[in-house]
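Close look at the chain arrangement
Each chain is listed here by its residues.
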Amino acid sequence: MTRTLRFFFLMTLASFLLTPLLIVAGVSLNNVQQIRFPPENASLTWYSYFFNDPDWMAAFINSLRIAILAALASVSIALPICYAIWKYASHVGALLDGLARLSFLLPAIVVSIVFLVFFSWLGIIGRLEDIVFSHAVVFATMPLATIGMGFRTIDPALIEAAALMGANESDVLRTVVRPIITPYVACGFVFVFIVSLNEYIIANMVSGFMIQTLPIKVFNSLRMGFQPTMCVGAVLFMLVGIGAFSLIAVIGDLPKLLGGKE
Amino acid sequence: MKTSWLKQSALLAWPGFLLISLAAFPFLLLLRISLAPYDPAGLWAEGFTLSAYRALVQPEVFGAILNGIELSASVAAASLILGFPLTYFITRMRRRAQILWLILLLTTLTLSDVLIAFAWQVMLSKKIGLSNILVMLGIMAEPMSLTPSRGAVLSCLIYLMLPFSVLTLYPSLSRLDNSLVEAARTMGASPFKAFFSVIVPMARAPATMTVLLAIIFTMGAYAPPIVLGAPKQWPLAVLIGSTAQAGHDLPRAAAMAVLLMLATATIALFTLLLTGRKKRL
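All figures in this text were calculated on a predicted structure; none of them were measured in a lab. (Residues numbered from 1 in each chain as written. Chains lettered and ligands numbered in written order. Predicted model: local features only at pLDDT ≥ 70, side-chain atom pairs only at ≥ 80, totals over all residues. Heavy atoms only, no water.)

1. Looking at the overall build of chain A
- Looking only at helices and strands, chain A has 13 helices and 0 strands in total.
- Listing the helices and strands of chain A from first to last along the sequence gives α-α-α-α-α-α-α-α-α-α-α-α-α.
- Across chain A, contacts joining residues at least 24 apart in sequence account for 73% of those joining residues at least 6 apart.
- Accessible surface computed for chain A: about 11,500 Å², of which carbon and sulfur atoms make up 68%.
- Each charge class in chain A was averaged separately, 14 positive and 13 negative side chains, and the resulting centres sit 6 Å apart. (Helix = DSSP H or I, 4+ residues; strand = E, 2+ residues; numbered from the N terminus. Contact = heavy atoms within 4.5 Å. Areas by Shrake-Rupley, 256 points an atom, 1.4 Å probe, with all protein chains shown as cover. Lys, Arg positive; Asp, Glu negative; His and termini not counted. Charge placed at Lys NZ, Arg CZ, Asp CG, Glu CD.)

See the structure below:
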């Protein structure tokens, strides 16, 4: 009885989660410029349209560029903070960690107004770098969490043993700390990359109508009427996401990286 | 001691610079701008005034806040009612099944809220949507468009929040000691009884966190209500966006953002007080 109930519950939720993804993928394969599902005469027409349209490609490339740079910058914020907290029990580090957490805990629309006001005040609204740094700061919480978790898994006895055997500080860093931390850094990087790739409201407010990212372009075309091209963008993002997370599952321990039991 | 201080400063200079100049300072700037007079020609004018706050006292803003509160209460409840058992079941699955579920949840996270809102719009449309299935099942007389509606906004927000709630609950539920549940079962508790008397109390902190995240997320949601809701169902976030972008009134948008923050903080505190009281009982 409970077993059937559980099965039914899980199946319902799985289809709840899968249906929108399937619909987006299905519509992207349509042959005509209409919403049809299941697709009729499935074809890759809209894919070739997407890759040959300079506007869509520019938006796609902007999104990728922003996401990579934001993820790098975010890790460059998180890694030193986590290291300082682990190595020196740094109070300043803990303070900065809290600051990053707070900015993540503000409602998204508030954060986007904060950045809009700030970049307008500086007179540099509407640049790619604005979106990069906004995302890097707001999403720094994610690498801070994963990398912090990584440092906590380092067994102090391992460091002591290395020191006893005559390793100096940089040897310890290179041979003990780096291999343990790397998957956690990669995981934090991927999280920021994915979230930044899909972020709409902050990018939209900061872009000042001058830069289009894929989510901005999709939102605008949504309001102008239906275009199957936007589903192509969605499918590309989905594939990137599935690829990235499957990769993490293969090279790392996904349940452990998400804080599960070993 | 001195060298450690030097090393720390060197380490933290760059993160500190970024976080202070891009998080702490802009936040203070927002507070300042909310007190500036409106300047139709520029960004804002010099001086201090409360006019942006005074302009907030109107039924439109009040209604929008109520919409937000109503939505966030429903999203928070749903993300717990659905997310808690889901996470619990996932943590008890075999490793491979667990990883598959986690990848599915993370993949839904990879899609922009804009795209998810669009997918829901398609799903609820007249031509190919859910209503056609309901007609086939004989529940509805004829297909119809189910958007814009409150239910559509709500479903989409629950969809977007569910993966976050699972990821928040996952660490503590997966560390939960199985033998405690078994002990309760051997002593004659039903599975439901064991679940509510053993597991739920142990996961109170992450459950509270889930509720808080759901509230913050819903109060700040912008795209789903625009795409799936009617204007009278729009929360304050949408008004803030249009005030800033279409109206170019930054002081007013800043004041609204401060108001939204206060409203969110109030509900969050209220939630914390409620869960705190339960703990003492």
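2. Considering the UniProt feature "transmembrane region" (unreviewed entry) in chain A
- UniProt tags residues 7–29, 66–86, 98–125, 131–151, 172–194 and 231–252 of chain A as "transmembrane region" (unreviewed entry).
- End C-alpha to end C-alpha, residues 98–125 of chain A measures 27 Å, and it is 79% helix and 0% strand. (UniProt positions renumbered as here; feature names shortened; annotations may be inferred.)

3. Some points on the side chain of B:Thr91
All names here are of chain B.
- Note that Thr 91 resides in helix α3 (residues 59–91).
- The class for Thr 91 is buried, based on a relative accessible area of 11%.
- At a separation of 2.7 Å, a polar atom in the side chain of Thr 91 contacts the main-chain carbonyl oxygen of Tyr 88.
- Leaving out residues up to four positions away in the same chain, Thr 91 has contacts with Gln 98, Tyr 170, Leu 173 and Ser 174. (Buried < 20%, exposed > 50% of the residue type's maximum accessible area, 1.4 Å probe, protein only. Polar contact = N/O pair within 3.5 Å; in protein donor to acceptor, adjacent residues only side chain to side chain.)

4. So, the interface of chain A and chain B
- Between chain A and chain B, the contact holds 82 residues from the first and 84 residues from the second.
- Carbon and sulfur atoms supply 83% of the area buried between chain A and chain B, which totals about 7,500 Å² over both sides.
- Sorting the residues of chain A by area buried against chain B places A:Phe16, A:Leu17 and A:Tyr88 first, and these three jointly supply 8% of that buried surface.
- Linking chain A with chain B are 1 salt bridge.
- We note a salt bridge from A:Glu169 to B:Lys7, for which the minimum N-O separation is 3.6 Å.
- Across the chain A-chain B interface, the total number found is 5 residue pairs in polar contact (both at pLDDT 80 or more). (Buried area = accessible area lost by both parts, 1.4 Å probe. Salt bridge = Lys/Arg side-chain N within 4 Å of Asp/Glu carboxyl O.)

5. Overview of the UniProt feature "transmembrane region" (unreviewed entry) in chain B
Residue and element names in this part refer to chain B.
- Summarizing the sequence annotation, UniProt attributes the feature "transmembrane region" (unreviewed entry) to residues 12–35, 71–90, 99–120, 152–173, 194–222 and 253–275 in the numbering used throughout.
- Secondary structure over residues 12–35 splits into 92% helix and 0% strand, and the C-alpha atoms at its two ends are 33 Å apart.
- Helix makes up 100% of residues 253–275 and strand 0%, with an end-to-end C-alpha separation of 33 Å.

6. Observations concerning the packing of aromatic side chains
- Tallied over the entire structure, the rule returns 21 aromatic pairs over all chains.
- Seen in terms of ring centroids, A:Phe50 and A:Phe60 are 5.8 Å apart; in terms of plane orientation they differ by 70°. Their pairing is edge-to-face. In this pair, A:Phe50 is assigned in helix α2 (residues 45–52) and A:Phe60 in helix α3 (residues 54–88), connecting sequence segments 10 residues apart. Like A:Phe50, the residue A:Phe60 is buried in the burial classification.
- Summarising the aromatic geometry, the rings of A:Phe191 and A:Phe245 are spaced 5.8 Å apart at their centres and angled 50° between planes, so their arrangement reads as tilted. Residue A:Phe191 is found in helix α9 (residues 169–198), and its partner A:Phe245 is found in helix α12 (residues 229–251); the two are separated by 54 residues along the sequence.
- Assessed through its relative accessible area of 1%, A:Phe245 is described here as buried.
- Ring-pair connections join several aromatic residues into one group, and the members of that group are A:Phe50, A:Phe51, A:Trp56, A:Phe60 and A:Phe237.
- Positioned above the aromatic ring of A:Trp56, the side-chain terminus of A:Lys217 is 4.7 Å from the ring centre.
- The lysine or arginine in question, B:Arg32, covers the ring of B:Phe48, its NZ or CZ lying 4.0 Å from the ring centre. (Phe/Tyr/Trp six-rings, centres within 6.5 Å; stacked < 30°, edge-to-face > 60°. Lys NZ or Arg CZ within 6 Å of the ring centre and 35° of its normal.)

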